[in-house]
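# Analysis of the macromolecular model
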Amino acid sequence: VVNPELDLLVLGSGVGGLSAAVRAAGPGSLRVGVLTKARLDQSATRWAQGGVAAVLGGDEDSIDLHLADTLAAGAGLCDTDAVRILVEEGPGRVSELIALGALFDRDPGGALARAREGGHSMARVLHAGGAATGAEIERALVEAVHATAAAVMEGWFALDLLVSDSGTGARCSGVRALDVDGVVHDVRARHVVLATGGAGQLYSVTTNPAQSTGDGVAMALRAGVAVADVEFMQFHPTALHHPAMPRPLLSEALRGHGALLRDADGNRFVDELSPRDVVARAMTGRMLEQGVDHLWLDATMLERFDERFPTIAASVRSVGLDPARDLLPIAPAAHYLSGGVVTDLDGATSLPGLWACAEAACTGVHGANRLASNSLLEGMVFGPRVVEAVLAGRDGPRATGAMRGVLGAEAPVGVRHLALALPPGPPAADGEVPDVAKARDELQRAMTAGAGVLRSAASLAATAPAVAPLVGLRPTGAAEAELANLATVAWALLRSAEARTESRGAHNRSDHPETSPALRHRLVLGGPG
Ligand code: SIN
């Protein structure tokens with residue numbers, strides 16, 4: 001047992017977890033530890049390009065317009081209360097980040113520069129280093145956490161939640177984790193925050209780093225904690241079609257600046273500023289029609305490309321492309337898990353003592369499809385809310401936000417509970433997989449073929465046999481644990497995608513192309529009920 005005295009243990013080191021850790025060191029301070037399987041600066045946050053959507057004072061834009069755009073992108077499944085908190089508290093959190101030292105891009109007059117992205121009715125996306133926004137935010141937060149946290153456990157791998165019952169009901173009391181040498185420890189804390197990010201590694205082609213293996217969502221599923229909306233894996237339309245992994249992203253901000261999408265014949269086929277799900281769906285349809293595996297982004301008309309987007313310019317030039325002359329090959333890539341561990345408006349999950357924020361969470365702000373540049377925003381708003389709630393003495397969930405339906409309260413977006421029925425372990429008695437890298441690759445291929453941008457009952461059913469034997473794997477090391485976590489989240493995704501017999505947001509069923517008003521509810525796995 002290590003660190004028995006921690007008040008708050010944050011798992012993961014993206015913008016949500018680090019924002020929580022920084023807040024915990026502020027007024028009313030808590031003894032906080034951050035446990036992460038890589039280095040603190042190696043989360044998916046670092047890869048986030050476009051920016052942070054936020055309506056700052058003095059804008060002609062309004063909070064209500066940002067709210068309306070977010071709800072429209074979410075295709076009927078957003079929790080309006082959660083979205084209101086997101087858009088209202090976001091600007092203040094941006095100001096705090098600036099005070100912490102994050103450098104956002106400014107126009108020649110010194111005002112914060114703003115870009116437009118798909119689904120936004122106004123230019124409201126703040127950015128840093130052109131399209132290196134996540135990296136700059138991460139830098140500022142990592143410095144602050146190193147200066148203030150009681151414990152930083154880098155290179156530690158959380159295997160499972162510790163759940164204890166002292167007579168008053170089950171409660172999360174820490175995690176079982178492997179240290180850097182592979183030794184198992186119980187790391188105890190009064191409160192645990194899942195800030196473990198998404199699961200883009202479910203697919204062969206993703207913009208996410210190798211660490212995005214759905215660890216927190218899988219731990220929650222194994223512990224019976226409510227998880228929802230996992231069928232809504234968002235595919236980013238414009239990843240560079242190139243073997244590099246993670247796929248280099250060609251930020252949505254390029255389209256916001258006027259870049260166009262062209263099919264194999266050089267024709268435009270979709271409004272480039274539609275929400276991401278609309279563009280990814282149109283692209284996939286066109287690729288199937290034309291029998292091609294990629295389309296084109298035409299940014300040749302953009303002025304000052306290298307100056308405005310230095311990191312993107314460097315990545316396309318490194319593969320021999322000149323954005324001023326060449327069309328850029330693109331294809332959709334798994335990008336963002338819109339669902340996750342269900343929380344109330346303060347980040348409390350269905351298990352007392354366990355909290356979740358950012359991509360690992362389902363706060364209800366994204367619904368069926370996240371609006372561009374609302375992800376960093378969600379982390380910086382909801383991470384600190386967890387700490388405020390803990391400081392206020394909260395322990396378990398309240399019937400607010402996306403948690404309402406889970407707790408059986410009346411909710412604008414209802415819930416349907418699904419039985420998860422995790423399959424048992426692999427047939428091999430010792431539970432070991434001989435070649436973990438090969439098994440991970442096969443899982444990714446199966447998910448890409450059967451549960452990608454387009455799915456059907458038949459494709460989902462055909463994917464299940466590749467996933468099932470890996471779900472109950474008893475890991476002996478971090479690589480196997482990641483594989484089991486991926487398989488667990490894949491299983492939940494398949495189960496939910498099968499039950500959602502409609503197309504909505506990022507979930508597209510070729511056998512059910514319509515949106516069904518009767519299915520305007522969240523599909524929830526685990527939790528009470
Ligand atoms: C992008 O820059 O296109 C990605 C930003 C996001 O995922 O919201």
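Up top is the structure.
This write-up is about the structure you can find in this document. (Residues numbered from 1 in each chain as written. Predicted model: local features only at pLDDT ≥ 70, side-chain atom pairs only at ≥ 80, totals over all residues. Heavy atoms only, no water.)

Across its full length, the protein chain holds 14 helices and 21 strands. Taking 2.2 N^0.38 as the reference for a compact globule, 529 residues should give roughly 24 Å; the C-alpha atoms of the protein chain span a radius of gyration of 21 Å, in line with that estimate. In terms of overall dimensions, the protein chain has C-alpha extents of about 65 × 55 × 50 Å along its principal axes. Of all 529 residues assigned to the protein chain, the portion counted as buried reaches 60%. Long-range contacts, defined as pairs at least 24 residues apart, comprise 73% of the intrachain contacts of the protein chain with a sequence gap of at least 6. Carbon and sulfur atoms form 54% of the exposed surface of the protein chain, whose accessible area is close to 18,300 Å². (Helix = DSSP H or I, 4+ residues; strand = E, 2+ residues; numbered from the N terminus. Rg over C-alpha atoms; globule rule 2.2 N^0.38 Å. Buried < 20%, exposed > 50% of the residue type's maximum accessible area, 1.4 Å probe, protein only. Contact = heavy atoms within 4.5 Å. Areas by Shrake-Rupley, 256 points an atom, 1.4 Å probe, with all protein chains shown as cover.)

So, on to the pairing of strand β13 (residues 295-298). The pairing of strand β12 (residues 260-262) with β13 spans three bridges and is classified as antiparallel. By the bridge assignment for β13, L261 is matched with L297. Across three bridges, β13 lies against strand β14 (residues 328-337) in antiparallel orientation. Bridging from a neighbouring strand, W296 pairs with P329 of β14. (Pairing = 2+ DSSP bridges.)

Attention shifts here to the pattern of salt bridges. This structure, assessed with the given rule, holds 43 salt bridges. For D215, the salt bridge is made with K37, and the minimal N-O distance between the two is 2.6 Å. Separated by 178 residues along the polypeptide, D215 in helix α5 (residues 215-222) and K37 in the loop between β2 (32-36) and β3 (52-53) bring together distant segments of the chain. Residues R84 and E88 are paired through a salt bridge, measuring 3.0 Å at the closest nitrogen-oxygen approach. One end of the pair is R84 and the other is E88, both in helix α3 (residues 80-100) and four residues apart, which spans about a single turn. Three or more residues are tied together by salt bridges with common partners; here these are E89, D344, D346, R385, R394 and R398. (Salt bridge = Lys/Arg side-chain N within 4 Å of Asp/Glu carboxyl O.)

Another aspect to go through is the packing of aromatic side chains. Pairs of aromatic rings are described using the distance from one ring centre to the other and the angle between the two planes. Across all of its chains, the model carries two aromatic pairs by this definition. Seen from their ring centres, Y203 and F235 are 5.2 Å apart, and the 75 degrees between their planes marks the pair as edge-to-face. Here F235 lies in strand β11 (residues 233-240) and Y203 lies in the loop between β9 (184-194) and α5, a separation of 32 residues in the sequence. Across the pair, F235 and Y203 agree in class, each one buried. Both rings, one in F305 and one in F309, keep their centres 5.7 Å apart while their planes meet at 55 degrees; by these two values the pair is tilted. This pair shows no difference in class: F305 is buried, exactly as F309 is. A cation over a ring is seen here: R370 above Y336, with NZ or CZ 4.1 Å from the ring centre. (Phe/Tyr/Trp six-rings, centres within 6.5 Å; stacked < 30°, edge-to-face > 60°. Lys NZ or Arg CZ within 6 Å of the ring centre and 35° of its normal.)

Attention now moves to the sheet that holds strand β15 (residues 340-342). The pairing of strands in a sheet comes from backbone hydrogen bonds and takes either a parallel or an antiparallel form. Ordered in space as β17-β15-β10-β21-β18, the five strands form an open sheet in which the pairing is mixed. With partners counted over all chains shown, the strands left at the sheet margins are β17 (361-362) and β18 (414-418), one partner each. The pairing of β15 with β17 spans two bridges and is classified as parallel. Within β17, the position partnered with V342 by the bridge is C362. On the sheet, α5 packs against β10 (227-228), β15 and β21 (521-525) and is oriented at approximately 50 degrees with respect to β15. (Axes fitted to C-alpha atoms, helices over the stretch in contact; angles between N-to-C directions.)

What follows deals with the pairing of strand β7 (residues 157-165). For β7 and strand β8 (residues 170-178), the ladder comprises eight bridges, and the chain directions are antiparallel. When the bridges of β8 are listed, V163 appears paired with C172. Between β7 and β8, which pair antiparallel and follow one another directly, the connecting turn spans four residues, one of which, G167, has a positive phi of 105 degrees.

What follows is about the site of the ligand. What surrounds the ligand is the set Q49, G50, H236, L249, S251, E252, R276, H335, R370, A372 and S373. The contact in question runs from an oxygen atom of the ligand to an N or O atom on the backbone of S373, over 2.6 Å. A total of 250 Å² of accessible area belongs to the ligand in isolation, and the protein chains cover 97% of it. Partitioning the shell around the ligand into residue classes produces two nonpolar, six polar and three charged. (Near = heavy atom within 4 Å. Polar contact = N/O pair within 3.5 Å; in protein donor to acceptor, adjacent residues only side chain to side chain. Nonpolar A, V, L, I, M, F, W, Y, C, P; charged D, E, K, R; others polar.)

Take the sheet that holds β12 next. Strand order in the open sheet formed by four strands is β11-β14-β13-β12, with antiparallel pairing between adjacent strands. What marks the edges here is a single partner per strand, and that holds for β11 and β12. Strand after strand, the sheet turns through a mean of 45 degrees between neighbouring axes, direction not considered.

For the rest of this paragraph, the subject is the environment of L337. On the secondary structure map, L337 appears in strand β14. Counting along the chain gives 103 residues from L337 to Q234, while the straight-line C-alpha distance between them is 6.0 Å. In this view, L337 contacts G198, V217, V230, F232, M233 and E359; residues no more than four positions away in its chain are not counted.

In this structure, L9, L35 and V175 are the most contacted members of the largest nonpolar core, which totals 66 residues. Here this core takes 12 residues from helix α14 (residues 478-499), the largest share from any one element. Not counting the four nearest positions on each side in its chain, V175 is found in contact with L9, L11, L35, A158, D160, L161, L162, H185, D186, V187 and V192. A20, L30, V52 and L56 belong to the second largest nonpolar core, which has 50 residues in total. (Core = buried A, V, L, I, M, F, W, Y, C linked by side-chain atoms within 4.5 Å.)

Remember, this is a structural readout, not a statement about activity or role.
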